[in-house]
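In case you want the letters, here they are:
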Amino acid sequence: MSASVKSGGTRRADAQRNRELILRAARDLVREPGELKLNAVAKACGIGQGTLYRHFPTREDLLAEVYRQEVDEVVAAAPRLLATHRPLEALAAWFDRVAAYARVKRDVFAAFEAATWRDLAAHSLGPIGEAVELLLAAGRADGSIRDDAEARDVIVLISWLSRLDDAELDARGPRLLSILINGLRARRH
């Protein structure tokens, strides 16, 4: 192993590729019913279990990284959506992305104990709150979102998504998010 890898520097290209393959496979598999099995992840990406364990020594380590990536993608979606949609439409489209994230959050959180949940929540609440506030501020500025809507309000209201099973999320999610969007709409007098 090179000194730069040992010191936390750049990973070798093949090691980075393997890590990305592992994470992509894990993200796909975590959406399937049942518990995520590390041997299934290794098989799905065509690597040995030793390679997987070098990158992620435990199942929890892998699930935590899957969760962090999902949070990062949800947060990054907010400014991209604002660049192509009006604020209220951007918020509605962002809610659709959050619904997909909720499936992963539910499955990942099911694998962790309470202490780990708090650590992961601390990572997501700040960035997600900032993404929500970005969307709300744009809507308040153009008059489409009510002035009293706060990011924490929205986070509390969307937290139920991670508590629904897939069937109920599919059946109720879009309607409930539409109700939330309508509740955030500025009243026209």
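Scroll up a little and you will see the structure.
Within each chain, residues carry numbers counting from 1 in the order of the written sequence. Two thresholds apply to this predicted model, a pLDDT of at least 70 for residue-level local features and 80 or more for giving and counting side-chain atom pairs, whereas whole-chain, interface and lining totals are computed over all residues. Heavy atoms from the whole structure form the basis of all side-chain values; hydrogens and water molecules are not counted.

A word on the environment of A138
In DSSP terms, a helix is any run of H or I states spanning at least four residues, a strand is any run of E spanning at least two, and both are numbered starting from the N terminus. The topology assignment puts A138 in helix 7 (residues 114-142). C-alpha of A138 to C-alpha of L88: the two residues are 50 residues apart in sequence and 8.5 Å apart in space. Filtering out sequence-adjacent residues up to four positions away, A138 remains in contact with L82 and P87. The contact criterion used is simple: two residues touch if any of their non-hydrogen atoms lie within 4.5 Å.

Quick look at the packing of aromatic side chains
Two rings from Phe, Tyr or Trp (for Trp, the six-membered ring) form a pair when their centres sit within 6.5 Å of each other. Planes less than 30 degrees apart are called stacked, planes more than 60 degrees apart edge-to-face, and all others tilted. One pass over the structure, following the stated rule, counts one aromatic pair. Where W94 meets F95, the ring centres are 6.1 Å apart and the plane angle is 50 degrees; that geometry is what we call tilted. Like F95, W94 is buried. Exposure categories follow from relative accessible area, calculated using a 1.4 Å probe and restricted to protein chains: below 20% of the type maximum is buried, above 50% is exposed, and the middle band is partly exposed.

Considerations on the environment of L176
Residue placement: L176 occurs in helix 9 (residues 166-184). Among the residues examined, L176 registers a relative accessible area of 28% and is labelled partly exposed. Taking the C-alpha atoms as reference, L176 lies 9.3 Å from I158; in sequence the two are 18 residues apart.

Here we look at the environment of R19
By the secondary structure assignment, R19 is in helix 2 (residues 13-30). Each C-alpha atom of the pair R19 and R54 lies 9.5 Å from the other, and the pair is 35 residues apart in sequence.

A short note on the pattern of salt bridges
Counted as salt bridges are all cases of a side-chain nitrogen of Lys or Arg within 4 Å of a carboxyl oxygen of Asp or Glu. All told, the structure shown has 10 salt bridges when counted by the stated rule. Between E65 and R19 there is a salt bridge whose closest N-O contact spans 3.8 Å. Of the two residues, E65 sits in helix 5 (residues 59-84) while R19 sits in helix 2, which places them 46 residues apart along the sequence. You'll find E65 and R19 in the same group, each marked buried.

Describing helix 3 (residues 38-45)
The α-helix advances 3.6 residues per turn, and as a result positions three or four apart in sequence lie on the same side. Among the residues of helix 3, those classed as buried are L38, V41, A42 and C45. Projected down its long axis, helix 3 carries its buried residues within an arc of 95 degrees, all on one side. Opposite the packed face of helix 3, turned more than 90 degrees from it, sit the exposed residues K43 and A44. As for helix 3, its buried residues are in contact with helix 2, helix 4 (49-55) and helix 5. Among the residues trailing helix 3, G46 stands out with phi positive, at a value near 70 degrees. Note that the arc is defined by the directions from the helix axis to the C-beta atoms.

Considering helix 8 (residues 151-158)
Of all the positions in helix 8, only A151, V154, I155 and I158 are classed as buried. Seen along its axis, helix 8 keeps its buried residues to an arc of 100 degrees; they face one direction.

Examining the nonpolar core
Grouped together as the largest cluster of nonpolar side chains are 33 residues, with contacts concentrated most on L91, W94, F95, L136 and I158. Those elements that place two or more of their residues in this core are helix 5, helix 6 (87-110), helix 7, helix 8 and helix 9. With nine residues, helix 6 is the largest single contributor of residues to this core. Excluding its chain neighbours within four sequence positions, the residues that come into contact with W94 are V74, A77, A78, L81, I128, A131, V132, L135 and I158. The next biggest cluster of nonpolar side chains, apart from the first, holds 17 residues, and it includes I22, V30, L38 and V41. Each nonpolar core is a collection of buried residues, namely Ala, Val, Leu, Ile, Met, Phe, Trp, Tyr and Cys, held together in the definition by side-chain atoms within 4.5 Å.

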